[in-house]
Amino acid sequence: MQNARTASFLAVGVAATFVAALAPEMTIAAPQPSAAKAPLRQYTQQNPRWQRCDAGSPAAYQCATLKVPLDYSDPGGKKIDIAVSRLKAGSATERRGVLLLNPGGPGGPGLNMPVDPELNLPEKVKRQYDLIGFDPRGVGQSAPVSCGLTDDEKNDERSYKAETFAKDVEWARTVADKCRAKGGDTLRHLTTRNTARDMDVIRAVLGERKISYLGYSYGTYLGAVYTQMFPERADRFVLDSATDPGRVWRGMFQGMAEGAEPAFTRWSEWTAERHTTYHLGDTPAEVREIFRKLIARADRTPIDSGEVSLTGDDIRSELRAMFFHVQRAAERVAELKKAAEGEEAAPSGAPARATGSAPPAFARDVPSDNDAASAWAVLCADTRPWPRDPEQYRRDAIRDKARYPLYGDFGSNIKPCAFWKRGSEPATTVDNEVEVLILQNQWDPQTPLAGAQGMHRALHGSRMITVAGGEGHGIYGTDSCADNSATAYLTTGRLPAEDLTCRAPAGQEETPSSAS
């Protein structure tokens, strides 16, 4: 699976029945006449052939393939496969139902989440729930898509420069054209709404009246869309490291740039207090100036990192997320400064991108660009229209580089979505009373705190736990101070009476206190 702690939007990776009566809806919260539901019975009444996923995994860990319609408005049309896994609840007497899992993305495979050690769910949760993993449509083992992209075309970390903007426009156009040519009509149906419908087919096939859910990162948006489309079928939903549903998806790229600036300021203050360790300045202003000079120097003469030569733009791209982890960022900048001064080569501090892998006995070949192709499908066809005029991206990139120097031009520069074919239906407006629990670190590099606050406003029945001082992407299962509250909610159904704030660091047992 894509690591639940690091799953991210493509740009910074650079980014988881009651037969006829409860068949999936085709419109938001609008009951369907029985005649309209009938064509979906072939999907909701499937009898999956469960098989052991992998000889090296527990015998209870089983996989199956379900059929779903590519286009839910045409249930009799083309069908695609959805790969699903199941790890049954540890206690038959305590079993409550199913807990669907999504690691994020978009484009993140989740088939092996139930047995992935990084999930690290408490035993009391695993006793009560069948853990259900699945690869979302178009991803991994679920009808994987490809655009035939080269390594360079998969690279979407592109800063704005006047002299290279024409090449960036050509890159964006080429990616969109190649995806259109290779993916055809399929890509326009790889949307969050359709993945939510697939989740409801999974619910129906498993014979469950409701589902519970744990989603990270992009998975929080998927979970929120499900609550909007199927509010009566949402049981206990935990949304970990949340996006703002009102800003998907261009606004999320830009939000990462906005969130990076206070993280950079915090880092400079932390690092100045440790000047004797890192030698990067003894005042925050001096630390920031040394970093800016390092960027300018790398733009003139790329720095030999020991693996590749890094330009200033390369360093800005790499450090954007790292600044949310103050110690790691200080160590990395100190290494780069030494390398620039010729003292020693600095090994790359960029975290390796997690990749998904299906159980061998259940696997099919997955195209090398599947994560990028499936992510662009969601990011471009899933939501409110992206600007079509390349000059709009130029103006926004110039504006945002001035506002947010660390990453603003990356966030606002042109993307393939400028040339993408419209999705199959309008975007979802999330605005409901379903009870959910939102977990959020204060210093999350991929989904900044402001995004989770936006999700909280959209879900009027939600409660939010903020880990003050918490660093990193992904909370539940990391021994965070928020873990106990999340476990209590999943096992008892009781949300906190009010929003809570607890203190980092993760692993330190603390009792949540009321949020101010």
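Higher on the page you've got the structure.
Quick caveat, the model's predicted, so the values are computed rather than measured.

About the cut-offs
- Residues numbered from 1 in each chain as written.
- Predicted model: local features only at pLDDT ≥ 70, side-chain atom pairs only at ≥ 80, totals over all residues.
- Heavy atoms only, no water.
- Disulfide = S-S within 2.5 Å.
- Helix = DSSP H or I, 4+ residues; strand = E, 2+ residues; numbered from the N terminus.
- Core = buried A, V, L, I, M, F, W, Y, C linked by side-chain atoms within 4.5 Å.
- Buried < 20%, exposed > 50% of the residue type's maximum accessible area, 1.4 Å probe, protein only.
- Expected span 1.5 Å × (residues − 1).
- Arc of directions from axis to C-beta.
- Contact = heavy atoms within 4.5 Å.
- Polar contact = N/O pair within 3.5 Å; in protein donor to acceptor, adjacent residues only side chain to side chain.
- Pairing = 2+ DSSP bridges.

Caption draft 1: Region of the structure containing the state of the cysteines. Summed over the entire model, instances satisfying the criterion amount to four disulfides. Sulfur-sulfur distance for the disulfide between Cys 147 and Cys 179 comes to 2.0 Å. Sign of the S-S torsion, about 105 degrees for the bond between Cys 147 and Cys 179, identifies this disulfide as right-handed. Pair noted here: Cys 147 is in the loop between strand 5 (129–134) and helix 5 (151–154) and Cys 179 is in helix 6 (residues 165–183), with a separation of 32 residues, a long-range link. Here Cys 380 is linked by a disulfide to Cys 417, with a sulfur-sulfur distance of 2.0 Å. The sign of the S-S torsion, about -70 degrees, decides the handedness of the disulfide formed by Cys 380 and Cys 417: left-handed. Here Cys 380, found in helix 14 (residues 370–381), pairs with Cys 417, found in the loop between helix 16 (408–412) and strand 10 (436–443); they are 37 residues apart in sequence, far enough to count as distant.

Caption draft 2: Spotlight on the nonpolar core. Formed by 76 residues in total, the largest nonpolar core has its most connected members in Trp 249 and Trp 420. Element by element, the count of residues in this core is highest for helix 14, at nine residues.

Caption draft 3: Spotlight on helix 15 (residues 390–403). Its 14 residues place the ends of helix 15 20 Å apart at the C-alpha level, agreeing with the 20 Å of an ideal helix rising 1.5 Å per residue. By the burial criterion, the buried members of helix 15 are Pro 390, Tyr 393, Asp 396, Ala 397 and Asp 400. For helix 15, the angular spread of buried residues about the axis comes to 115 degrees, placing them on one side. Those residues of helix 15 that are buried lie in contact with helix 6, helix 9 (250–272) and helix 16. For helix 15, the N-terminal cap is Asp 389; the gap from its side-chain oxygen to the backbone nitrogen of Glu 391 is 3.0 Å.

Caption draft 4: Expanded view of the pairing of strand 6 (residues 211–216). In terms of residue burial, strand 6 counts as a mostly covered element, since six of its six residues are buried. Residues Ile 211, Tyr 213 and Gly 215 line one face of strand 6 and the alternating positions Ser 212, Leu 214 and Tyr 216 line the opposite face, and both faces are buried. When strand 4 (residues 97–102) meets strand 6, the two strands line up parallel, connected through four bridges. Among the inter-strand pairings, Leu 99 is bridged to a residue of strand 6, identified as Ser 212.

Caption draft 5: Molecular detail of the side chain of Asn 432. Turning to its location among the elements, Asn 432 is positioned in the loop between helix 16 and strand 10. A polar contact of 2.9 Å, which involves the side chain of Asn 432, links it to the side chain of Gln 228. A polar atom in the side chain of Asn 432 sits 3.0 Å from the backbone nitrogen of Val 434. For Asn 432, the contacting residues outside a window of four places in its chain are Ala 224, Thr 227, Gln 228, Ala 458, Leu 459, His 460 and Gly 461.

By themselves, these figures tell us nothing about what the structure is for.
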